[in-house]
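For reference, the chains in residue letters:
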Amino acid sequence: MSSTIDRSTSTIPVYTDVPVGIDATGERREFDSMGTVAVPADRYWGAQTQRSLQHFSIGNDRMPIEVYRAYGIVKKAAALVNEEAGRLPGWKAKAIVQAADETIAGKLDREFPLYVWQTGSGTQSNMNVNEVLSNRAIQLLGGTLGSQHPVGPNDDVNMAQSSNDSFPTAMHIAALTEIDDRLLPRLRELHAEIDAKAEKWMGVVKIGRTHLEDAVPLTVGQEWSGYAAMLHGVIREIERSRDGLLRLALGGTAVGTGLNAPAGFSKKVAEKIAELTGKKYVTAPNKFEAQGSLDAIVRAHAALRGAAVSLMKIANDMRWLASGPRTGFAELVLPSNEPGSSIMPGKVNPTQCEAIVMIAIQVLGDDSAVAFAGSQGNFELNAMRPIIINNFLHSARILGDGVEKFLTYSVKGTELNEKRIASFVGESLMLVTALSPVIGYQNAAHIAESALAGDQTLREAALASGLVTAEQFDEIVVPATLVGHGVGGA
């Protein structure tokens, strides 16, 4: 049974489900400016959505549901502002708002089936939302689905809006929600864990490596402090990129001039969206920039690319340092989460690290598409919006989920093989660097070369050179004193 709204009192009923009736034929007739179209009777969408399904059934890539839930916020805010201005009757606004609330809550997710590969302005997704909210509002008001009465998709749900300003607004809301709710919290948790491990391991001396070759010592904590600093920088860049996403295009309508929107609409609707979301959204100061380009979201994705680059470095270091257990570096011991081979019993692989590397590769690919699409704005419109928001949300989602799994199943359980680390320190030839100020660079180099050629320890080769005594060597070449000054260098 369908819920209804009493027009005389404008009271919204309590609603707990999405009731949809199916007629005897299984279809109903919907219409748009081009004529009538048969649509499934158990769906709320209308003619323009159905036409898009017919013309753009390309691949398996559907417009992300986060875009439609963000669109619910856009349509709710617009309805409330239009009601406050006296442009939309209260009973009609309330029906639209309830339908929008159901969209925001995910109750109408199945009503948004369109593909990413559609009109570049996002018009068909905007109309998909308009039609669904219109029909759901009609149902709440006791009307007939498909009649566009008493709530029309264009005249009422889309009032004072265009796809050209509402779609980029929904893009910004969806992108910022993904950043704030998924990505940033998980990056902060990963940073905190890596920072804690850096502090814990600050006194464990190990051999550094540059150019994949042995270098002078540092501590494990110093190495991990570098990872923590990288993540801190990543988090700051993503936080800075939020500022551009807080500026909304809504109110510019078709080309940025605000035609068919009342004076002050853009400011009021941004304030309403800020109120509904608790985020500091404002109207974009220049709607021609906001609609003719998508620079803000391109810059925000560049921050995601930065996260991918840093995470790839950390994950690659960890899997190399954990390589072994007998014939690799084996300095780190990663958690054993699952068998690593279908043929080699007992083999365990650094799978979480591998997943992060693959995610990072994908994000770099997504960024190339986003940047190229962002460059394709023509005159008053960038008509590459669907691919940009699809790639942005994809990147943010896999980064956020990947970081959570990487933290939980790899970083938290990572331990040190201190015996192995100490053995590398004892065998290193690059400790000879400490002798360089005493005996000179060339003499120190010859000692290292002699030790390597003669399969000697560094101490044996140094003493054989006659350039230092045993007492001098033991006083100067002390790994724990060669690790520098904390995390700041000399």
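Just so we're clear, the structure is a prediction, and the values are computed from it rather than from any experiment. (Residues numbered from 1 in each chain as written. Predicted model: local features only at pLDDT ≥ 70, side-chain atom pairs only at ≥ 80, totals over all residues. Heavy atoms only, no water.)

Quick notes on the overall build of the chain
As a reminder of what qualifies: For helices the rule is a DSSP run of H or I covering at least 4 residues; for strands it is a run of E covering at least 2, with both sets numbered from the N terminus onward. Buried, partly exposed and exposed residues are distinguished by accessible area as a fraction of the type maximum, computed with a 1.4 Å probe on protein chains only: under 20%, between the cut-offs, and over 50%, respectively. Using the Shrake-Rupley algorithm and a 1.4 Å probe, accessible areas are obtained, with residue cover drawn only from the displayed protein chains. Neither His nor the chain ends contribute to the count of charged residues, in which Lys and Arg are positive and Asp and Glu negative. By convention, charge coordinates are those of NZ in Lys, CZ in Arg, CG in Asp, or CD in Glu.
Of regular secondary structure, the chain possesses 17 helices and 10 strands. The burial tally for the chain puts 51% of its 490 residues in the buried class. Carbon and sulfur atoms provide 54% of the accessible area of the chain, an area that totals close to 22,100 Å². Across the chain, the 45 positively charged side chains and the 54 negatively charged ones have centroids separated by 6 Å.

Quick look at the packing of aromatic side chains
Test applied: Centres within 6.5 Å make a pair out of two Phe, Tyr or Trp rings, where for Trp the six-membered ring is used; the pair is then stacked when the planes are under 30 degrees apart, edge-to-face when over 60, and tilted otherwise. Two conditions define a charge located above a ring, namely a distance within 6 Å from the ring centre to NZ of Lys or CZ of Arg, and an angle within 35 degrees of the ring normal.
A complete count under the given rule lists 4 aromatic pairs for this structure. Measuring from ring centre to ring centre gives 4.6 Å for Tyr68 and Phe112, while their planes differ by 10°; the resulting arrangement is stacked. Within this pair, whereas Tyr68 is found in helix H2 (residues 65–84), its partner Phe112 is found in the loop between helix H3 (90–104) and helix H4 (123–140), the two being separated by 44 residues in sequence. Relative accessible area serves as the criterion here: at 5%, Phe112 is assigned to the buried category. Ring plane angle 90° and centroid distance 5.1 Å describe the contact between Trp201 and Trp224, whose orientation is recorded as edge-to-face. Of the two residues, Trp201 is situated in the loop between helix H6 (163–200) and strand E3 (205–210) and Trp224 in helix H7 (residues 220–245); the sequence distance between them amounts to 23 residues. Assigned by exposure class, Trp201 and Trp224 land together as buried. Positioned above the aromatic ring of Phe424, the side-chain terminus of Arg209 is 5.4 Å from the ring centre.

Structural notes on the packing of H2 against helix H8 (residues 265–277)
Using the following cut-off: In this description, a line fitted to the C-alpha atoms serves as the axis of each element, helices being fitted only across the stretch in contact, and the angle between N-to-C directions of two axes falls anywhere from 0 to 180 degrees. Roughly parallel here means an angle under 35 degrees, roughly antiparallel means over 145, roughly perpendicular means 65 to 115, and every remaining angle is called oblique. Helix crossings are classified by the rotation of the near helix relative to the far one: an anticlockwise turn of less than a right angle makes the crossing left-handed, while a clockwise turn makes it right-handed. Contacts are residue-level and defined by heavy atoms, with any inter-residue pair within 4.5 Å sufficient. Throughout, the ten residues Ala, Val, Leu, Ile, Met, Phe, Trp, Tyr, Cys and Pro are labelled nonpolar, Asp, Glu, Lys and Arg are labelled charged, and all others, Gly among them, are labelled polar.
Interhelical geometry of H2 versus H8 gives an angle of 125° and a closest axis separation of 9 Å. Here H2 is positioned oblique relative to H8, judged by the angle of their axes. By crossing handedness, the relation of H2 to H8 is classed as right-handed. Only Phe265, Lys268, Val269, Lys272, Ile273, Leu276 and Thr277 of H8 make contact with H2, whose side of the interface consists of Ile73, Lys76, Ala77, Ala78, Leu80, Val81, Asn82 and Glu84. Class assignment of the residues belonging to the contact of H2 with H8 gives a composition of 9 nonpolar, 2 polar and 4 charged.

Structural notes on the nonpolar core
Considering soluble globular proteins, one finds that nonpolar side chains tend to be buried as a cluster. Using the following cut-off: Nonpolar cores were defined as sets of buried Ala, Val, Leu, Ile, Met, Phe, Trp, Tyr and Cys residues, with membership established by side-chain atoms within 4.5 Å.
Of all hydrophobic cores here, the largest spans 111 residues; its most connected members are Trp224, Ile238, Ile389 and Phe392. What Ile389 contacts, discounting residues up to four positions off in sequence, is Met63, Val67, Phe167, Met171, Ala175 and Ile297. One finds Leu435, Ile447, Ala461 and Val483 within the second-largest nonpolar core, a separate group that totals 19 residues.

A few points about helix H13 (residues 418–427)
We apply this condition: Our arc is simply the arc of the directions from the helix axis toward the C-beta atoms.
Turning to H13, its buried residues are Ile421, Phe424 and Val425. Down the axis of H13, the buried set is contained in an arc of 100°. They therefore lie on one face. Exposed residues pointing more than 90 degrees away from the buried face of H13 are listed as Lys419, Gly426 and Glu427. Lining the buried residues of H13 we find E3, H7 and strand E10 (415–416).

Regarding the packing of helix H10 (residues 295–321) against helix H12 (residues 385–411)
Interaxial distance between H10 and H12 falls to 11 Å at its minimum, and their mutual angle equals 30°. Considering their axes alone, H10 and H12 lie roughly parallel with respect to each other. In terms of crossing hand, the pair formed by H10 and H12 is left-handed. Note on element contacts: H12 touches H10 through Ile388, Ile389, Asn391, Phe392, Ser395, Ala396, Leu399, Val403, Phe406, Ser410 and Val411, opposite Ile297, Ala300, His301, Leu304, Ala307, Ala308, Leu311, Ile314, Ala315 and Met318. A class-by-class count of the residues in the contact of H10 with H12 yields 17 nonpolar, 4 polar and no charged.

Structural notes on the pairing of strand E4 (residues 213–219)
Rule in force here: Note: two strands are recorded as paired if DSSP finds a minimum of 2 bridges between them.
Bridge analysis of E3 against E4 gives 5 bridges, and the strand direction is antiparallel. Bridge pairing in E4 links Val205 to Thr219.

Quick word on the pattern of salt bridges
As a reminder of what qualifies: When a carboxyl oxygen of Asp or Glu is within 4 Å of a side-chain nitrogen of Lys or Arg, the pair counts as a salt bridge.
Under the definition given, this model contains 29 salt bridges. Between Glu111 and Arg110 there is a salt bridge, with the nearest N and O atoms lying 3.4 Å from each other. A residue is classified by how much of its surface remains accessible, and Glu111, at 1% relative accessible area, is buried. Close ionic contact of Lys197 with Glu193 constitutes a salt bridge, the shortest N to O distance being 3.2 Å. With Lys197 and Glu193 both in helix H6 and 4 residues apart, the pair spans about one turn of that helix. A single burial state applies to Lys197 and to Glu193, both of which are buried.

Focus: empty space enclosed by the protein
We apply this condition: Residues are said to line a cavity or pocket when one of their atoms sits within 4 Å of a point; the points come from a 1 Å grid over protein atoms alone, cavities being sets where a 1.4 Å probe fits but cannot get out and pockets being open sets with protein on both sides within 12 Å along at least five of seven lines. Grid points are joined across faces, edges and corners, and a volume is the space filled by probe spheres set on the points.
For the structure shown, the criterion picks out 2 cavities of 30 Å³ or more. Of the voids in this model, the largest cavity is the one considered here, and its volume is about 50 Å³. Residue lining of the largest cavity: Leu334, Pro335, Asn337, Asn349, Pro350, Thr351, Gln352, Cys353, Tyr409 and Ser410, and that is the complete set. Listing elements by their share of the lining of the largest cavity, those giving two or more residues are helix H11 (351–374) and H12. Of the residues forming the lining of the largest cavity, the biggest block, 3 residues, is contributed by H11. In terms of residue class, the lining of the largest cavity is made up of 5 nonpolar, 5 polar and no charged. Here the second largest cavity defines a volume of roughly 30 Å³.

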